[in-house]
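The primary structure of each chain is shown beneath.
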Amino acid sequence: MRKTVAALVAAGAGLCLLLPGLPASAAADRKPGGPPATGPTTGTVRWEPCTDLEGLDCATVSVPLDHRRPTGEKIKIALTRKRHTVPDHRYQGVLLLNPGGPGGSGRTMPQWFEGTPVEEAASAYDLIGFDPRGVGASEPRLECGSGYNDPTRPDYVPANPAEEQAWLNRAKDFARKCAQALPRLLPHMTTVDHAHDLEAIRKALGVEKINFLGYSWGTYLGATYATLYPHRVRRLVLDSVVRPSGVWYANNLDQNRAFEVRAKDFFAWIARHDAAYGLGATAADVERRYYELRAAMKTSPAGGLVGPSEYDDTFLVAGYTNSLWPYLALGLSLAANGDDSFLVTLYEALAHSEDDSDHALYLATECTDNRWPASWNVWRRDAIALHRTAPFATWPNTWFNAPCLFWPAKGKTPPRITGHGLPPVLLFQSTKDAATPYSGAVEMHRLLPSSRLIVEDGGGNHGITLFGNECIDGHLAAYLRDGTVPPNRPGPDALCAPLPEPEPLSVSVAARSAKPATPEIPEVRIRR
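Here is a short report on the structure shown in this document. On a predicted model such as this, the values are computed, not experimentally measured, just so you know.

### Structural notes on the overall build of the chain
Scanning the chain from N- to C-terminus turns up 17 helices and 12 strands. The buried share of the chain, reckoned over its 528 residues, is 59%.

### Remarks on the packing of helix H6 (residues 249-272) against helix H13 (residues 376-387)
Close contact between H6 and H13 brings their axes to 11 Å; oriented N to C, the two are set at 15°. Taken together, the axes of H6 and H13 are roughly parallel relative to one another. You can see that H6 and H13 cross each other, and the crossing is right-handed. Touching Tyr249, Leu253, Asn256 and Arg257 of H6 are Val378, Trp379, Asp382 and Leu386, all from H13.

### A closer look at the packing of helix H9 (residues 308-316) against helix H11 (residues 341-350)
Packed helices, taken two at a time, are described by the angle their axes make and the gap between the axes. At their nearest, the axes of H9 and H11 sit 9 Å apart, and the two run at 70° to each other. As judged from the angle between their axes, H9 and H11 are roughly perpendicular. Crossing handedness for the pair H9 and H11: left-handed. Here Glu310, Tyr311, Thr314 and Phe315 of H9 come into contact with H11, specifically with Leu343, Leu346, Tyr347 and Leu350. Tallied by class, residues from the contact of H9 with H11 come to 6 nonpolar, 1 polar and 1 charged.

### Remarks on empty space enclosed by the protein
Approximately 120 Å³ is the volume attributed to the largest cavity. Residue lining of the largest cavity: Tyr249, Asn252, Leu253, Asn256, Trp372, Trp379, Asp382, Ala383, Thr394, Asn397, Thr398 and Asn401, and that is the complete set. Of all elements in the fold, only H6, H13 and helix H14 (394-401) reach the threshold of two or more residues within the lining of the largest cavity. Here the lining of the largest cavity is composed, by residue class, of 5 nonpolar, 6 polar and 1 charged. Looking at the second largest cavity, its volume works out to about 90 Å³.

### Looking at the state of the cysteines
Tallying each qualifying case throughout the model produces 4 disulfides. Linked covalently through their sulfurs, Cys367 and Cys404 form a disulfide whose S-S length is 2.0 Å. Since a negative S-S torsion denotes a left-handed disulfide, the Cys367-Cys404 link at about -85° is left-handed. Of the two residues, Cys367 is situated in helix H12 (residues 357-369) and Cys404 in the loop between H14 and strand E9 (425-430); the sequence distance between them amounts to 37 residues. Residue classification places Cys367 among the buried residues on the basis of a relative accessible area of 4%. Two residues share a disulfide in this structure: Cys471 and Cys496, whose sulfurs sit 2.0 Å from each other. Around the S-S axis, the bridge from Cys471 to Cys496 shows a dihedral of about -65° and counts as left-handed. Of this pair, Cys471 sits in helix H16 (residues 470-482) while Cys496 sits in strand E11 (residues 494-496), placing them 25 residues apart in sequence. Overall, the relative accessible area of 32% leaves Cys471 in the partly exposed class. Taking only the cysteines that form disulfides and numbering them from first to last, the chain has the pattern 1-2, 3-4, 5-6, 7-8.

### What to know about the sheet that holds strand E6 (residues 126-131)
Taken together, 10 strands build an open sheet; the order of strands is E2-E3-E4-E6-E5-E7-E8-E9-E10-E11 and the sheet is mixed. The sheet is open, and its two edges are formed by strand E2 (48-49) and E11, each paired on a single side. Across 6 bridges, the pairing between E9 and strand E10 (residues 451-456) is parallel. Within E10, the residue paired with Ser430 across the bridge is Glu456. Taken strand by strand, helix H5 (residues 217-228) contacts strand E5 (94-98), E6, strand E7 (210-216) and strand E8 (233-241), and its axis lies near 145° from that of E7.

### Considering helix H4 (residues 191-205)
Taking 1.5 Å as the rise per residue, H4 with 15 residues should run 21 Å; its terminal C-alpha atoms sit 21 Å apart, in good agreement. Here H4 has its buried residues at Thr191, Asp193, His194, Ala195, Asp197, Leu198, Glu199, Ala200, Ile201, Arg202, Ala204 and Leu205. Just downstream of H4, Gly206 is the residue with a positive phi angle, here 75°.

### A look at helix H15 (residues 438-447)
Here H15 has its buried residues at Gly440, Ala441, Glu443, Met444 and His445. Looking at the buried positions of H15, the neighbouring elements they touch are H5, E8, E9 and E10.

Here is what the cut-offs are and how they apply
- Residues numbered from 1 in each chain as written.
- Predicted model: local features only at pLDDT ≥ 70, side-chain atom pairs only at ≥ 80, totals over all residues.
- Heavy atoms only, no water.
- Helix = DSSP H or I, 4+ residues; strand = E, 2+ residues; numbered from the N terminus.
- Buried < 20%, exposed > 50% of the residue type's maximum accessible area, 1.4 Å probe, protein only.
- Axes fitted to C-alpha atoms, helices over the stretch in contact; angles between N-to-C directions.
- Parallel < 35°, antiparallel > 145°, perpendicular 65-115°, else oblique.
- Left-handed = near helix turned anticlockwise from the far one by under 90°.
- Contact = heavy atoms within 4.5 Å.
- Nonpolar A, V, L, I, M, F, W, Y, C, P; charged D, E, K, R; others polar.
- 1 Å grid on protein atoms, 1.4 Å probe; cavity = no way out; pocket = protein on both sides within 12 Å on 5 of 7 lines; lining within 4 Å.
- Points joined across faces, edges and corners; volume = space filled by probe spheres on them.
- Disulfide = S-S within 2.5 Å.
- Pairing = 2+ DSSP bridges.
- Expected span 1.5 Å × (residues − 1).

Given below as structure tokens:
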């Protein structure tokens, strides 16, 4: 399942505990993971103002293509920096940021703190964004030119052996084209390779330890780095946590079940606002209408672009954030009344990509992090069984990952995640997260004994810090400010209420028949 960051649709704090008579830096030095004993260092990185990102500095760092051969071929990692704004005696070091993926670009991430309750605490750090190897502005960039996701595609849910074989042929072709595009890079795209890149970045920055904030796959990256280099970790924040023991086939099966729960929440929300959308007064009514419209797309794709598979991709986003529910529901409602133009707009904004780079990068890491079932019969058996109870995402997820069956670089053995020697670690998780289900955070909490688990109880969004929840952001701000974590308790260490559900768009059924102007989709970061 996609777990990258996309700039799409809008979503929508802490006390500094000081010892009397001590300056802020001295007080924080009394806590584990206090600030560096010295001021900022420059290392070997040559920073210049970014030409495409106002207010940020840009640089590149060379790292070995194969970290087992440190003097061999080098590749480039693109970095950005937002410098600390506090006096140097209050400087807290570098905070490296990863948005998830695998394959998400992180160059804009230093800007994510602006206007949030965490901005003040973050101002004590040099905020470091980066594009991981193969991504975005890093060189070389992986793009396979596969056409795997070009509309309109075969129905994700195969109706017969011929449709199933069509998807298998596409998956094999995708893997073949990636092998041709960058054959030397593909064997070196595991999460372990990315973790070694973090260590190379640390050395280039000239710091003894790093602070790290990662979302989704970024939590697995952070945990892997902490396992390999525990003495280099000062503070570690993992938001929307991957289950290490499920990497990656089992985790995708877990996602199928979790997305079904989230889809039913979406249908129930639409039913509660039937006056606005007219799709049914019960969740079952809305769900039935949803699948009726999906079936219609097979014979008559919306705008010639949105067939059933593109339809699935568009509404999959409902599982990541409920901030999009009003817009997705409107697209569904308009299509049910004969106007599918806004549905096409939603597809183009939320699901369509001009190239396959994000998908290829996702596969390059997930296909090689671990061994996948080698027989299509295993995949097929699991997909058929799960589709009976979890139709919303099972077959889309299966075909998204199917190129791993044919991937040219073979899967490795992942490291066993451990937390020995780590300072206090902060985990954030919503209980109904679909992309990284709650069990992942529970397992990571157990594997990292120094961790504290902050839970958005009843929430379902994926990526919950820096999104407007004052309780969640308050914990993050306190931790970044001086290392404060909640007391250790059985189960979650702290609970926060979720943000309120979104309000429906005020477009009546009567007004829709007159084809009103559809709203502009606001912009947001969706951690996938």
